[in-house]
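Here are the chains, one letter per residue:
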Amino acid sequence: MEARDLNDDLDQVLITAEQIDSRLTELAAQIDGEYEGKEPLLVGVLRGAAMVMANLALKMRSPIQMDWMAVSSYGSGTKSSGVVRILKDLDTDLVGRDVIIVEDIIDSGLTLSWLKANLESRGPNSVKIVTLLRKPDAAKVKLDVDYVGFDLPNEFLVGYGLDYAERYRNLDCIGTLAPHVYGG
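Below is a summary of the structure that appears in this document.

1. Re the environment of Arg-122
No. 1: As for its placement among the helices and strands, Arg-122 is situated in the loop between α3 (110–120) and β6 (126–134).
No. 2: Overall, Arg-122 belongs to the partly exposed group, its relative accessible area being 23%.
No. 3: Between the C-alpha atoms of Arg-122 and Gly-96, which are 26 residues apart in sequence, the distance is 9.2 Å.
No. 4: Leave out the neighbours within four places in its chain, and Arg-122 touches Met-69, Ile-86, Asp-89, Leu-90, Leu-94 and Val-95.

2. As for the pattern of salt bridges
No. 1: Inspection of every chain in the model, using the stated rule, returns 15 salt bridges.
No. 2: A salt bridge links Asp-9 to Arg-167; the nearest nitrogen and oxygen atoms lie 3.9 Å apart. Placement of the pair is Asp-9 in the segment before β1 (10–15) and Arg-167 in the loop between β8 (157–158) and β9 (174–177), with a sequence separation of 158 residues.
No. 3: When the shortest N-O distance is used, the salt bridge between Arg-122 and Asp-89 registers 3.0 Å. Here Arg-122, found in the loop between α3 and β6, pairs with Asp-89, found in the loop between β4 (85–88) and β5 (98–106); they are 33 residues apart in sequence, far enough to count as distant.
No. 4: Salt bridges sharing partners connect three or more residues here, namely Arg-47, Asp-163, Glu-166 and Arg-169.

3. Points about the sheet that holds strand β7 (residues 147–151)
No. 1: Across the sheet, six strands lie side by side as β4-β3-β2-β5-β6-β7; this open sheet has mixed pairing. Either end of the sheet is taken by a strand with one partner, and the two such strands are β4 and β7. The mean inter-strand angle of the sheet, taken between neighbouring strand axes irrespective of direction, is 30°.
No. 2: One ladder, built from eight bridges, connects β5 with β6; its direction is parallel. From the neighbouring strand, Asp-98 faces β6, where its bridge partner is Ser-126.
No. 3: Packing against the sheet, helix α1 (residues 17–34) makes contact with β5, β6 and β7, and its axis sits at approximately 160° to β7.
No. 4: Relative to the sheet, α3 contacts β2 (41–46), β3 (65–72), β4, β5 and β6, its axis offset from that of β5 by approximately 170°.

4. Looking at the packing of α1 against helix α2 (residues 50–59)
No. 1: Axis separation between α1 and α2 bottoms out at 8 Å; the angle between their running directions is 60°. With respect to α2, the axis of α1 lies oblique. Between α1 and α2 lies a crossing of right-handed hand. Residues Asp-21, Leu-24, Thr-25, Leu-27, Ala-28, Ile-31 and Asp-32 of α1 form the contact with α2, whose participating residues are Val-52, Asn-55, Leu-56 and Lys-59.
No. 2: Looking at the contact of α1 with α2 residue by residue, the classes come out as six nonpolar, two polar and three charged.

Thresholds applied
Residues numbered from 1 in each chain as written. Predicted model: local features only at pLDDT ≥ 70, side-chain atom pairs only at ≥ 80, totals over all residues. Heavy atoms only, no water. Helix = DSSP H or I, 4+ residues; strand = E, 2+ residues; numbered from the N terminus. Buried < 20%, exposed > 50% of the residue type's maximum accessible area, 1.4 Å probe, protein only. Contact = heavy atoms within 4.5 Å. Salt bridge = Lys/Arg side-chain N within 4 Å of Asp/Glu carboxyl O. Pairing = 2+ DSSP bridges. Axes fitted to C-alpha atoms, helices over the stretch in contact; angles between N-to-C directions. Parallel < 35°, antiparallel > 145°, perpendicular 65-115°, else oblique. Left-handed = near helix turned anticlockwise from the far one by under 90°. Nonpolar A, V, L, I, M, F, W, Y, C, P; charged D, E, K, R; others polar.

Here you go:
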């Protein structure tokens, strides 16, 4: 879905499809360089990271494995509740593995901080984080993020996996919704 398909639901496009594609290519090359001779496990955080993980993986030259987790801290709102629940756990044993958590966006960092600690407790060789988007002004915890696509202002965003009430995930760009969509 392209921005023009949304009529007046989209207020502003912040990152185009072309910019996303270019940045994911750069991130894949950087990760490939750091994991040469290794086979990292990409752990996607459902549902938002599906687009990022799929397209990042396609651009990587390293052999990889993939697994998925689903965690929730949002419900159907626009702000994190801070309470993390595992909805789907990994199928892969992490002992001795090099793990890369793949995220679509980091807001407060609370959920991801919890998730990183959880995965580190499972005996991996390393745990790193790659995210397409980060909102530095929204951070509530210090979190080392190894690979960042774009830093953005603290606004509610949709597109490229990011949703509002499960809509707009298939938008090929990142943007902000018009206030009439969410009653803002």
